[in-house]
Amino acid sequence: MGIKDQFQDKAERMQQQGKQRADQAREQFPNREDRDRDRRRDEDEMDPASRRRRDEDERFESSYDA
């Protein structure tokens, strides 16, 4: 087996390992976006000013992107 084949095999193994780790992370934290959204909603209910600030920041960012 040549050096090129060894590197190719190693790259394929590393790629497979990376996919497995990503899958494990997804299984470990399946609803991360939902938790973040719920946390923001809870913060908004407790502090309406924080929602207003976040809305203003989002509008600013969207206008900046345009």
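What counts and what doesn't
- Residues numbered from 1 in each chain as written.
- Predicted model: local features only at pLDDT ≥ 70, side-chain atom pairs only at ≥ 80, totals over all residues.
- Heavy atoms only, no water.
- Helix = DSSP H or I, 4+ residues; strand = E, 2+ residues; numbered from the N terminus.
- Buried < 20%, exposed > 50% of the residue type's maximum accessible area, 1.4 Å probe, protein only.
- Areas by Shrake-Rupley, 256 points an atom, 1.4 Å probe, with all protein chains shown as cover.
- Salt bridge = Lys/Arg side-chain N within 4 Å of Asp/Glu carboxyl O.
- Patch = residues over 30% accessible without salt bridge, like charges linked within 9 Å, V, L, I, M, F, W, Y side chains within 5 Å.
- Lys, Arg positive; Asp, Glu negative; His and termini not counted.
- Charge placed at Lys NZ, Arg CZ, Asp CG, Glu CD.

Draft legend 1. Summary view of the overall build of the protein. Regarding its fold elements, the protein presents three helices and zero strands. When the 66 residues of the protein are sorted by exposure, 3% land in the buried category. Carbon and sulfur atoms provide 46% of the accessible area of the protein, an area that totals close to 6600 Å².

Draft legend 2. Geometry of the pattern of salt bridges. What the rule picks out here adds up to one salt bridge. Asp23 is the partner of Arg26 in a salt bridge, and the nearest nitrogen-oxygen pair spans 2.7 Å. Here Asp23 and Arg26 lie together in helix 1 (residues 3-28), a separation of three residues that amounts to about one turn. Overall, the relative accessible area of 38% leaves Asp23 in the partly exposed class.

Draft legend 3. Seen up close, a negative patch on the surface. A cluster of acidic residues, Glu56, Asp57, Glu58 and Glu61, forms a negative patch at the surface. Using a relative accessible area of 49% as the deciding quantity, one classes Glu61 as partly exposed.

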